[in-house]
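Inside the fold
Each chain, letter by letter, is given below.
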Amino acid sequence: MLSSATARRNAGRRRAGPGRAPRGWLDRIETWIKRIGLAAALILLPAMMIARLTEISTRSLNLPGSLFNAMEAEFFLLFAFLIVGSAAVTDAHVRVDILRDRFGARGRAWVEILGTVFFVVPFTVVVIWYGAVLVESAWSDNERAAFAFGAPVRWIVVLATPVGIALLGLAIGCRVTRHIAFLRGRAPAP
Amino acid sequence: MSEELIYQIADAIPFVMLGCLAVLLFSGLPVSVVLFGLGTFFCLVGILLGEMPVPALRTIPLKLSDAVRGSLFYPAVAMLLFMGVALEKSGIAHDMLRSVHLITRRLRAGMIVAVLLIGVVLAPAAGIVGASVVTISLIALPAMLRAGYSAPVATGAVAAAGTVGIILPPAVMLFFLAYQFQVPFGSMFMATVVPGGLLILLYAGWYMITAPRGAGTVDQPGPGTLAGWALLLIRGLVLPVALIALVLGSIIMGWATPSQSGAVGAAGSLVLVVISGRLSWRLIRELVETTANLSAMVFLIIMAAAVFSYPFRYFDGDSAIADALAALSIGPWETLLLITGIVFVLGFFIDWIEITIITLPLFFPVLAGLDFADHAGSDKAPMLWIAAMMALVLQTSFLTPPFGFALFFLKGSAPPGVTLGDIYRGIVPIVAIQLAVIALVMVMPGLITWLPEQLYGVPR
C-alpha cells in the first residue's frame with residue numbers, strides 16, 4: 001500500500017516535473033504548497049539532526065544543554081505540519097486501494113468530492129477557526145516556551161497547526177477541483 | 001428526542017464509529033482523511049445530541065499538536081526514514097548486494113543468502129514494508145532469475161528478505177509497538193533479535209537444501225585487483241554494516257537513547273553518501289522530498305487517529321471494547337489468540353502503521369489485563385512477549401496469500417513473466433517457517449525475553 005503511494009508520488013512528480021511551466025492557478029497553488037513543504041524539510045530535517053547530535057555530544061561531554069537542543073520538539077512540530085500539504089499535492093497519503101480500482105474514474109472522482117465535502121471541509125474549518133483562537137490568545141498573552149531565554153515565541157508553534165491544516169485543505173481542494181473538472185468533461189482524470 | 005433515546009445513541013456511538021471506519025477505509029479515501037473526518041463528524045453529532053459541549057471542538061487543534069509532540073521518538077522516525085531512503089536512493093543498497101554476493105557466490109543458494117542479508121541491513125528502510133520489498137525486488141530479482149533460480153524460489157526469497165527487516169532493529173515499527181505496549185525501546189529492539197535471527201537461519205537453510213545446484217553461481221566478475229576488492233567491500237559491506245552497528249551500538253552502549261539514535265543513523269548515512277561519491281544537490285533534494293512525503297504520511301495518520309479517538313474515548317469506546325471481549329468470557333490464551341487472529345487478518349488489508357496506531361490501542365487494556373506472568377517469567381515480561389509476537393504476526397500477515405500485500409508489491413515490481421501464481425507457490429515454505437517460529441515463541445517466551453533480560457535485566 002505504501003509503495004503504491006510511492007508510485008503515485010512518482011507519477012505526480014512526473015506530471016509537475018521540472019522543465020514544465022506551471023499552467024493555471026491550480027498548478028501555481030500546488031507548486032507553492034510543494035515549495036513550502038520542501039523548504040520546511042530542507043531547513044528542519046538538518047536542524048533536528050544537528051539538535052540531536054549536539055544533545056548527544058553535550059551530554060557525553062557533561063556540558064550544559066543549549067537552547068538549540070531544547071528546540072528540537074518545536075522543529076519537529078513545524079516540520080510535521082508544514083509537510084502534510086505538500087504530501088497531499090503528490091497524493092502520498094496512504095489509501096486502502098483494494099476496491100478503489102474497481103470504482104472507475106468517475107466513481108473515484110465522486111468519492112473524492114463527497115469525502116472532501118463531508119470530511120475535509122468540516123475538519124479544516126474547525127481546526128482553522130479554533131486554531132486561530134489559540135494563536136490569538138497565545139499572541140495576546142505573549143506566551144513563551146518554558147525554557148530559559150524564552151526566545152522561541154510560542155505562538156509561532158501554535159500557528160503551525162492551523163497553517164499546516166489549511167495547506168492540507170488547500171491541496172485537497174485543488175485535487176477535488178480537478179476531479180470536478182473531469183466530471184464536467186473539461187479535464188482528464190487527475 | 002427522549003433522554004433515554006439520546007443515551008442509547010451516545011452509548012452506540014463508539015460502535016457506529018468503528019463500523020463507519022471499517023467501511024469507509026475501503027472507500028479509497030486517504031486513511032487520514034477518513035480518521036479525522038469521522039472524528040470531527042462524531043464530535044458534531046455529540047454536540048447536536050447535547051452530549052458534548054460546543055467548546056469541545058476547541059480540543060481538536062490541540063489534539064493534533066499534542067499527537068505530534070506525543071513522544072520523543074517521533075523525530076527519530078523521520079531520521080530513520082531518511083537513513084533508509086539514503087541507503088536506497090544513493091545506490092548503496094545495490095553495492096551491498098553485489099559485494100555480499102561476491103562473498104557468498106560459492107555457497108549453494110549463495111545469492112539467496114546475500115539477498116537475505118541485504119534485507120537485514122535495510123531494516124530501517126524496511127520500516128515501510130512496500131518500500132523494502134520493492135527495493136530488494138528491483139535490485140535483486142532480475143539478477144536472480146538470470147542466475148537460474150525459478151520464479152517461485154526467487155520471489156519467495158525476495159518476499160522473505162523484504163519483510164524480515166520490519167521486525168529487526170532499528171525498524172520503525174518496533175518504536176511504535178514499544179510505545180503502544182509501554183515497554184522500553186531498548187528491550188523491544190532486542191526482543192525480536194533471536195526470533196528474527198532464527199527466521200533468517202531457517203529461510204537460508206531451506207533454500208540451501210532445496211535450491212537447485214548450480215543456480216546463482218553464474219559468473220559475476222569480481223574486481224580484478226586486490227585494491228578493487230578492498231574498495232568494493234568497504235563501500236558495499238563494511239560501511240553500511242558499520243552504520244547499522246553504530247546505530248544499535250550507540251543504544252546498547254548508552255551513548256544515545258533509542259530516540260537519539262535516529263539522528264546518528266541519519267548523519268551516518270549522509271557520510272556514507274559522501275564517501276560513495278554520489279552526493280549531489282539533486283540527490284539531496286530527492287532524499288529530503290521522499291523523507292518528507294513518507295513522514296507526512298505516517299504523522300498525518302497519527303494526528304488523524306488522535307482526532308478519531310477523541311469522540312471515541314469521550315463516549316467510552318475503550319471500555320466498550322474491553323467489556324465486549326470480557327462478555328465472551330474466554331480464557332487468556334483464547335483472548336490472546338483471538339486478538340492475534342484479528343491483527344493477522346487486518347494485516348492483509350492495512351499496513352502496520354494503521355494497526356499499531358488505531359487497532360492495538362483498542363486492544364491494549366484487554367491484553368494488559370491477561371495474566372501471563374508465570375508463562376513469560378515475570379510481571380512485566382508478558383507485554384514484551386506479546387509486542388514481539390505481534391511484530392512476527394504482522395510480518396507473516398504481509399506475506400500470506402492471497403491477500404498479503406507484500407506479494408502485490410512484489411508482483412508490481414517483478415519483471416514481466418513472473419505471475420502471481422509463481423509468487424504464491426514460492427511463498428508457501430516461507431509462511432510455513434513463519435508459522436512454526438510464531439508457534440515456537442508462543443510456547444517458549446524465553447526466545448523473546450532472554451536477550452533483553454541479559455542486556456537490561458529482568459523487567460520490573
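Preceding block: the structure.
Residues numbered from 1 in each chain as written. Chains lettered and ligands numbered in written order. Predicted model: local features only at pLDDT ≥ 70, side-chain atom pairs only at ≥ 80, totals over all residues. Heavy atoms only, no water.

**Points about the state of the cysteines**
Such a bond, covalent and formed between the sulfur atoms of two cysteines, is termed a disulfide. Residue and element names in this part refer to chain B. Counted only if it meets this: Disulfide assignment relies on a single distance test, namely cysteine sulfur atoms paired within 2.5 Å. Only protein chains enter the accessibility calculation, which uses a 1.4 Å probe; a residue is then buried when its area is under 20% of its type maximum, exposed when over 50%, and partly exposed in between.
Under the definition given, this model contains zero disulfides over all chains. Summary of cysteine pairing: Cys43 is not part of a disulfide, and the nearest cysteine sulfur, belonging to Cys20, is at 14 Å. Overall, the relative accessible area of 1% leaves Cys43 in the buried class.

**Quick word on the interface of chain A and chain B**
You'll often see interface size given as the accessible area lost when the parts meet. Convention followed: In what follows, residue pairs with any heavy atoms lying within 4.5 Å of each other are defined as contacts. Basic side-chain nitrogens of Lys or Arg form a salt bridge, by our definition, when they fall within 4 Å of a carboxyl oxygen of Asp or Glu. Here a polar contact is taken to be a pair of N or O atoms separated by no more than 3.5 Å, where protein atoms must pair a possible hydrogen donor with a possible acceptor and residues adjacent in sequence count only if both atoms sit in side chains. Helix numbering and strand numbering both begin at the N terminus, where a helix is a DSSP run of H or I of at least 4 residues and a strand a DSSP run of E of at least 2. Throughout this entry, Asp, Glu, Lys and Arg are counted as charged residues, while Ala, Val, Leu, Ile, Met, Phe, Trp, Tyr, Cys and Pro are counted as nonpolar. The remaining residues, Gly among them, count as polar.
Of the residues lining the interface, 57 residues belong to chain A; the matching set on chain B comes to 70 residues. Linking chain A with chain B are zero salt bridges. One can count one residue pair in polar contact (both at pLDDT 80 or more) joining chain A with chain B. Secondary structure elements with two or more residues in the side of chain A that touches chain B: helix 1 (2–15), helix 2 (24–60), helix 4 (72–89), helix 5 (104–140) and helix 6 (154–183) of chain A. By residue number, the principal contributor to the side of chain A that touches chain B is helix 5 of chain A, which donates 14 residues. In the side of chain A that touches chain B, the residues fall into 38 nonpolar, nine polar and 10 charged.

**Examining unusual backbone geometry**
Residues and elements named next belong to chain B. For Ala109, which is not glycine, the phi torsion reads 60 degrees and is therefore positive. Of note, Ala109 is situated in the loop between helix 5 (92–104) and helix 6 (110–121). Since its relative accessible area comes to 1%, Ala109 is described here as buried.

**As for the packing of helix 11 (residues 193–210) of chain B against helix 22 (residues 446–456) of chain B**
All names here are of chain B. Note the cut-off: All axes here are fitted lines through C-alpha atoms, helices being fitted over the stretch that makes contact, and every angle between N-to-C directions spans 0 to 180 degrees. Relative orientations are named as follows: roughly parallel for angles under 35 degrees, roughly antiparallel for angles over 145 degrees, roughly perpendicular for angles from 65 to 115 degrees, and oblique for any other angle.
At a minimum axis distance of 7 Å, the contact between helix 11 and helix 22 shows a crossing angle of 125 degrees. With respect to their mutual orientation, helix 11 and helix 22 come out oblique. The residues of helix 22 that touch helix 11, namely those facing Val193, Val194 and Pro195, are Leu447, Ile448, Trp450 and Leu451. Its residues assigned to classes, the contact of helix 11 with helix 22 comprises seven nonpolar, no polar and no charged.

**Observations regarding helix 4 (residues 74–89) of chain B**
For an α-helix, 3.6 residues make a turn, and residues three or four places apart therefore share a direction. Residue and element names in this part refer to chain B. Our working definition: Here, expected helix span is obtained from the residue count minus one, scaled by 1.5 Å.
Taking 1.5 Å as the rise per residue, helix 4 with 16 residues should run 22 Å; its terminal C-alpha atoms sit 23 Å apart, in good agreement. When you tally the buried positions in helix 4, you get 14 out of 16 residues, the bulk of the element. Directly after helix 4, the chain includes Gly91, whose backbone phi takes a positive value near 85 degrees.

**Some words on the environment of Ala105(A)**
All names here are of chain A. Looking at where Ala105 falls in the secondary structure, it is placed in helix 5. Sequence separation between Ala105 and Leu183 is 78 residues, and the spatial gap between their C-alpha atoms is 9.1 Å. Contact partners of Ala105, with chain neighbours within four places excluded, come to Phe182 and Ala189.

**Concerning the environment of Pro311(B)**
Following the sequence through the fold, Pro311(B) ends up in helix 14 (residues 281–314). Sequence spacing of Pro311(B) and Met17(B) is 294 residues, and the spatial spacing of their C-alpha atoms is 9.1 Å.

**Quick look at the environment of Leu338(B)**
Residues and elements named next belong to chain B. Mapped onto the elements of the fold, Leu338 is located in helix 16 (residues 332–349). A relative accessible area of 33% means that Leu338 is categorised as partly exposed. For the pair Leu338 and Leu325, spaced 13 residues apart in the sequence, the C-alpha separation amounts to 9.7 Å. Apart from residues lying up to four places away in sequence, Leu338 is in contact with Leu325, Leu328 and Ile330.

**Focus: a nonpolar patch on the surface**
All names here are of chain B. Worth spelling out the cut-off: By definition, no residue in a patch forms a salt bridge, and every one has over 30% relative accessible area; like charges are joined within 9 Å, nonpolar side chains (Val, Leu, Ile, Met, Phe, Trp, Tyr) within 5 Å. In these tables, accessible area is a Shrake-Rupley quantity obtained with a 1.4 Å probe, and a residue counts as shielded only by the protein chains included in the view.
Judged by side-chain polarity, Leu246, Ile252, Met253, Trp255, Leu455 and Tyr456 come together as a nonpolar surface patch covering roughly 600 Å² of accessible area. Mapped onto the nonpolar patch, the elements with two or more residues apiece are helix 12 (226–252) and helix 22. Topologically, Ile252 is positioned in helix 12.

**Re helix 1 (residues 3–24) of chain B**
Residue and element names in this part refer to chain B. For clarity, the cut-off: At any given residue, the bend is defined as the angle formed between two axes, one fitted to the seven residues that end at that position and one fitted to the seven that begin there.
The terminal C-alpha atoms of helix 1 lie 30 Å apart, and with 22 residues this matches the ideal 32 Å at 1.5 Å per residue to within 8%. Of all the bends in helix 1, the greatest reaches close to 45 degrees and is centred on Ile13; the proline Pro14 follows between one and four positions later. Along helix 1, the residues classified as buried are Ile6, Ala10, Ile13, Pro14, Met17 and Leu21. Where helix 1 is buried, its residues meet helix 2 (31–48), helix 14, helix 15 (317–327) and helix 17 (352–368).

**Quick word on the pattern of salt bridges**
All names here are of chain A. Applying the stated rule across the entire model yields 10 salt bridges over all chains. Residues Arg178 and Asp27 are paired through a salt bridge, measuring 2.8 Å at the closest nitrogen-oxygen approach. Taken together, the residues Arg178 in helix 6 and Asp27 in helix 2 connect sequence positions 151 residues apart. A salt bridge links Asp91 to Arg175; the nearest nitrogen and oxygen atoms lie 3.5 Å apart. With Asp91 in the loop between helix 4 and helix 5 and Arg175 in helix 6, this residue pair connects regions lying 84 residues apart in the sequence. For the pair shown, Asp91 and Arg175 are each scored as buried. Within the structure, one salt-bridge network assembled from shared partners comprises Asp27, Glu30 and Arg178.

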